[in-house]
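An overview of the molecular structure
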Amino acid sequence: MSEQDTSASSGGIGGRAVVTLGRILISIFIPFVAFVVLWGGFIFLRDTNAPQGIIASVAIIWGVGGVALLFWVADWVVNRLPLQTAKKLQPFVFVGPALVILGWYLFIPALRSLYLSFFDARSQAFVGLQNYVFAFTDPKMLESFVNNLMWIVLGTGGAVGFGLIIALLADRSRFEKFFKALVFLPMAISFVGAGVIWRFVYAYKPPMEEQIGLLNAMVTFFGGEPQAWFTMQPWNNIFLIVILVWLQTGYAMVIISAALKGIPSSIIEAGRIDGATEMKIIIRIIIPSIFSTLVTVATTIIIISLKIFDIVFTMTNGNYGTEVIASMQYKQMFRFLHYGRGSAIAMVLVIAVIPVMWYNLRQFSKREGF
Amino acid sequence: MKKVVVVLLVFLMAGAAVFAAGQRETVDEKVVTVFGAFVDEEARRFEEAIRPFTDATGIEVRYEGSSEFETLISVRVEGGNPPDIAALPQPGLMQNFAQQGHLVPMWNSLEQLVDSNYAPVWKDLGSEGGTPYGVFHRVNAKSFVWYPKKAWDAAGYEIPTTWDELEALMDQMVANGHTPWAIGIESGGATGWPGTDWVEDVMLRTAGPEVYQQWIDNEIPFNHPAVKEAFEIVGDIWFNDDYVYGGRNYILTTSFGDSPRPLFEDPPRAMMHRQGNFVTTFFPDRIQDNLEQEVGVFPLPSINPEWGIPVLGGGDQFVVFNDTPEVRQFMEFLATWESGKLWAQAGGALFPYLDQDLDAYPNEIERSLAEALVNAEVFGFDASDLMPGQVGAGSFWTGIVDWVNGRNLDTVLNTIQRSWP
Amino acid sequence: MTLEKRKAAKWKVVINIILLFIVLIWTMPTVGLFISSLRPQDEVMNTGWWTTFTDGTRFNLDNYRQVLGGRDHTYVDAAGNTVRASGDNLSQAFVNSLTVTIPSVIIPLLIAAAAAFGFAWLEFPGRKIFFTIVVALLVVPLQIALIPILRDYQRIGLTGSYLAIWLAHTGFGLPLATYLLYNYISTIPRDIFESAFLDGAKQMTVFTLLVLPLSIPAIASLAIFQFLWVWNDLLVALVFLGGTADVAVLTQRLASMVGSRGQDWHLLTAGAFVTMIIPLAVFFGLQRFFVRGLMAGSVKG
């Protein structure tokens, strides 16, 4: 840029005009080339019959390179604009692509759902708030609200709590990687696999047979009667939540652990030199330093608990008082083909997350940018 | 440095684009896409059964089966990406798509084939608003009681032909120290359905086909005495701990597929299991290998002699989304016994064709089931599949579970009735 | 001094014992699955997996053979002969899954990292509103998006292509990725940026040369989660890519392996471990990025 500036200032008026024209042309030409290149890749990937290996390689280069190229070209173009405009547009070079994609894939469909939630099963007749009346009065929905609250409190508490404890302990152990890998393991198991795993834990067989469920085997070993765990209200909800904690603790642990690694060791050393006990260091120094990470992890697990679906659906199908909101949503939408109710329940999920959003926004406002 | 990378990238992609120009595929093969819910071995048997069609016509049939069929079919149809043909397990889905105008009605030549090859009931089940859409292919029959043959012979039990005889048999078994039934209704996200089958089977036997149809259409409410009576007859068996292996907890927590296993212990822990023809795939391998020696089967006995021995069944119907000449040819093939024969020979499938050759079935058991299905005086299609989703795949299933779990029957029936849309 | 050292050593032992205990509970169910995967179906159904320790049951690899090599089928061919044959093996499904997954991880991470930087350190109108929307979109069930997106794809002829599914996973993965990376990037000490901007660095330079390298631990952990989510996804792949043999992903093959009515669910025991191999490799591969000091060392307390 500085080279061009000098050449422009050294030339006459005519030269300046040529340079400006050239700049404009280049400013149009470069994005055009970028567009042609991306489009070509798109057509190729859409229509190709090339061997899988080639497609995959081209795909990775095109996908990753294409995204990088888009960022670079956008930045290049913005930098060519007058300074004031450039300053205003620059942030959108960074957030723009994400906003466009989110808008397309989630925001507009969410708006559409909002719209459909005021219509009947087949989205033909306007029914006003009828679907919301259903969502807030149906006994199964009311049951779901209570259960989801339980999932949020116990599921989030359990996963974040265990994640934090394990991350803190592992940080002080020589076998950190080994321990962390084993706690992470459940995350890598596909959900169908996890379903089978927990069947082997909760399985029930009548007293005269040998138990194949771990829990009932222990109960009978100590002389108890085998229990049908999933039918025991309201404890069955907790048995299901245990599965979520088992699955998600690995997630909480990995993120919290990464944050622990980010605490400047000098702060902790300073604490040690001052003679603080390990407990005090954790409470006074470590927890405050990773507090925003804890909020983030808790937020995501709260949202996972709100959207919890597959565990309940495959284990109990919402029977015995274990129904949850997302499973109701799925059933209305795909099983009962009632798009109005399905959409309304999806909107209820969005309403339910408002307190979480509000809290995050408060945290957000505390940080300012440049 | 960065610029060099970018330039390289540009050339690479330009190259890819040029390469792409020569790659455009020209499709002139004749292809029919079929989407269904059956997978794996059943999908393979289906593909083999329709191979003669491809050999004769040169039309390729691409079958795609998915365990997520329920979700996918409505997404694909609503999203504008339906298959040429779909095999719908529930008539309710067909009615829905037909009302939305997504389906191609039967054309004359196909309708004639259906008229001549099937009993009228199948055409009715494939129709919506008087217009026929669906062609049935593989079907199942559910009103059967399975028993361990050797243990029965040893104990001298005889096949009951009336409900009284069945009750006497159950008491005889209890007196001998045997447990009559093994029952399980757990089925993941569909838990409860085996229970709905029991109730439907009894309903067909006590109330007859007309009341059964009124029940499906909700012309009689779900808490009608006729429905309640059927539930009570089932409950008399289910909730008698002497009659059912493991009692209520076993019924609730045992997967329907695992539930016949007590029959094949040595000695058997239970003596009877009521389920459809497909249950044999769940039997232990050693039993499946010697099916005819190890297992006996009889139809669930009659209750009201007026209705004889009705057969409860279900099945996938094939419907058309895209009307092409190839699709028409294939649908007409599906409406003939020719399309089912090889699958029948491989086993595990029954077919409704009137002109079918019963000798094609691989063993005596399947042959007798097919015979019972074709000759049934009263045939009832699975009512829960015909009711609206909210009931048939919702409150009816969960109602059964609540009932077994101890909820009062009237409350259960009222709740189901209230959920009717 | 020696006393303190001994005390510290004692603590280390206690910590390791507690961890060992937690890890034992955590892995017990998985161990059960693993042992079950080596047992024949009949035994799995009748005796607990722990009995193998006392019975000395023979293990066999039959479940793995069926999962990897394709299930045995019997069918009758057009000539009327009964044929017994193996289904397709899993190699094609592995390639398909990888083709779906790798770009579906990298693309959203790049876009999310840029957006997170924008939200954390750049001032622009609507910043708060947009950020709130990103958080809110975390909770939107992706099922509601399937039909409208499929309609759009049909219009531009994208359905059934790999691009279709990468973009879909990008869209569905972006809220979490943006949110988590925002949290990490916003905690980068302010003075790092101040000095860079004072030196006249442009935003893009700051992003590529400062933010990205500093965020590697967060990006690595996110890469794992996005990888797991895409790898284990079934629904999105089936809607946008389809389930025919040439494009079927691993999860789809596994789901159908249990049969139409789930009669062969015992194969899932082996299947779960087969599908776990790649995610675990990714975890171990990326674990070395979770190291102390990338940022901690670069600033003074």
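Residues numbered from 1 in each chain as written. Chains lettered and ligands numbered in written order. Predicted model: local features only at pLDDT ≥ 70, side-chain atom pairs only at ≥ 80, totals over all residues. Heavy atoms only, no water.

Quick look at the overall build of chain A
- When helices and strands are tallied, chain A shows 17 helices and 0 strands.
- What you see for chain A is a C-alpha radius of gyration of 28 Å, clearly larger than the 21 Å of a compact globule of 370 residues, by over 25%.
- Counting the 370 residues in chain A, one finds 57% classified as buried.
- For chain A, the proportion of contacts with a sequence separation of at least 24, taken over those separated by at least 6, is 64%.
- Surface summary for chain A: the accessible area is close to 15,800 Å², and the carbon and sulfur share equals 73%. (Helix = DSSP H or I, 4+ residues; strand = E, 2+ residues; numbered from the N terminus. Rg over C-alpha atoms; globule rule 2.2 N^0.38 Å. Buried < 20%, exposed > 50% of the residue type's maximum accessible area, 1.4 Å probe, protein only. Contact = heavy atoms within 4.5 Å. Areas by Shrake-Rupley, 256 points an atom, 1.4 Å probe, with all protein chains shown as cover.)

A short note on the environment of A:Tyr320
- Structurally, A:Tyr320 is set in the loop between helix 14 (310-315) and helix 15 (325-335).
- A:Tyr320 gets classed as buried once you look at its relative accessible area, which sits at 6%.
- Distance in space between the C-alpha atoms of A:Tyr320 and A:Thr231 is 5.6 Å, their sequence separation being 89 residues.
- If we skip the residues at most four places from it in the chain, A:Tyr320 touches A:Phe230, A:Thr231, A:Gln233, A:Asn236, B:Leu252, B:Val401 and B:Asn405.

As for the packing of aromatic side chains
- A full pass over the atoms with the stated rule returns 83 aromatic pairs over all chains.
- For the ring pair A:Phe184 and C:Phe283, a centre distance of 3.8 Å and an interplane angle of 10 degrees mean the geometry is stacked. Taken as a pair, A:Phe184 in helix 7 (residues 176-188) and C:Phe283 in helix 14 (residues 267-287) lie in two separate chains rather than in one.
- Since its relative accessible area comes to 0%, A:Phe184 is described here as buried.
- Given the relative accessible area of 0%, C:Phe283 is considered buried.
- By the ring-pair criterion, three or more aromatic residues cluster together here, those being B:Phe38, B:Phe46, B:Tyr63, B:Tyr118, B:Phe318, B:Trp337, B:Trp343, B:Phe351, B:Tyr353 and B:Tyr361.
- The ring centre of A:Phe134 lies 3.9 Å from the NZ or CZ of A:Arg341, which sits over that ring.
- Its end group placed over the ring of B:Phe38, B:Arg138 keeps NZ or CZ at 5.3 Å from the ring centre. (Phe/Tyr/Trp six-rings, centres within 6.5 Å; stacked < 30°, edge-to-face > 60°. Lys NZ or Arg CZ within 6 Å of the ring centre and 35° of its normal.)

Let's talk about the domain arrangement of chain C
Residue and element names in this part refer to chain C.
- Per the domain assignment, the segments of chain C are domain 1 (2-86) and domain 2 (91-298).
- The straight-line distance from the C-alpha centre of domain 1 to that of domain 2 is 30 Å.
- Tallying the contact residues gives 14 residues for domain 1 and 13 residues for domain 2.
- Summing both sides of the interface, domain 1 and domain 2 together bury roughly 1,300 Å²; the carbon and sulfur share of this comes to 78%.
- Sorting the residues of domain 1 by area buried against domain 2 places Gln41, Val67 and Arg71 first, and these three jointly supply 41% of that buried surface.
- Where domain 1 meets domain 2, there are 0 salt bridges.
- Here domain 1 and domain 2 share 1 residue pair in polar contact (both at pLDDT 80 or more) between them.
- The class makeup of the residues in the side of domain 1 that touches domain 2 is 7 nonpolar, 6 polar and 1 charged. (Domains from an automatic or database assignment. Buried area = accessible area lost by both parts, 1.4 Å probe. Salt bridge = Lys/Arg side-chain N within 4 Å of Asp/Glu carboxyl O. Polar contact = N/O pair within 3.5 Å; in protein donor to acceptor, adjacent residues only side chain to side chain. Nonpolar A, V, L, I, M, F, W, Y, C, P; charged D, E, K, R; others polar.)

Some points on helix 10 (residues 193-206) of chain B
Residue and element names in this part refer to chain B.
- The terminal C-alpha atoms of helix 10 lie 20 Å apart, and with 14 residues this matches the ideal 20 Å at 1.5 Å per residue to within 8%.
- Here helix 10 lies mainly inside the structure; 14 of its 14 residues are buried.
- The positive-phi residue at the C-terminal boundary of helix 10 is Gly208, with phi of around 85 degrees. (Expected span 1.5 Å × (residues − 1).)

Quick notes on the interface of chain C and chain B
- Each side of the interface is counted separately: chain C has 39 residues, and chain B has 37 residues.
- When chain C packs against chain B, the two sides together hide about 3,200 Å² of surface, and 53% of this comes from carbon and sulfur.
- Contact with chain B buries surface across chain C, with C:Tyr75, C:Val76 and C:Arg261 losing the most and accounting together for 20% of the total.
- Scanning the region where chain C abuts chain B turns up 2 salt bridges.
- With a closest N to O distance of 2.7 Å, C:Asp42 and B:Arg261 form a salt bridge.
- Between the two partners, chain C and chain B, sit 9 residue pairs in polar contact (both at pLDDT 80 or more).
- Of all the secondary-structure elements, those providing two or more residues to the side of chain C that touches chain B are helix 2 (41-46), strand 1 (72-76), strand 2 (82-86), helix 7 (143-156), helix 12 (235-240) and helix 13 (250-257) of chain C.
- In terms of residue class, the side of chain C that touches chain B is built from 15 nonpolar, 18 polar and 6 charged.

Concerning the confidence of the model for chain C
All names here are of chain C.
- On average, chain C scores 84 in pLDDT, and the residues at 70 or more come to 94%.
- Within the model, the stretch residues 293-301 combines pLDDT values under 50 with 22 contacts to residues more than four positions away or in other chains.
- For this predicted complex, the interface confidence score (ipTM) comes to 0.89, while the overall pTM stands at 0.90. (pLDDT = per-residue confidence, 0-100.)

Some points on the sheet that holds strand 9 (residues 295-299) of chain B
Residue and element names in this part refer to chain B.
- Across the sheet, 3 strands lie side by side as 8-7-9; this open sheet has antiparallel pairing. This sheet does not close on itself; its edge strands, each paired only once, are strand 8 (273-274) and strand 9.
- Across 5 bridges, strand 7 (residues 144-148) lies against strand 9 in antiparallel orientation. If you follow Pro148 over to strand 9, its bridge partner there is Val295. (Pairing = 2+ DSSP bridges.)

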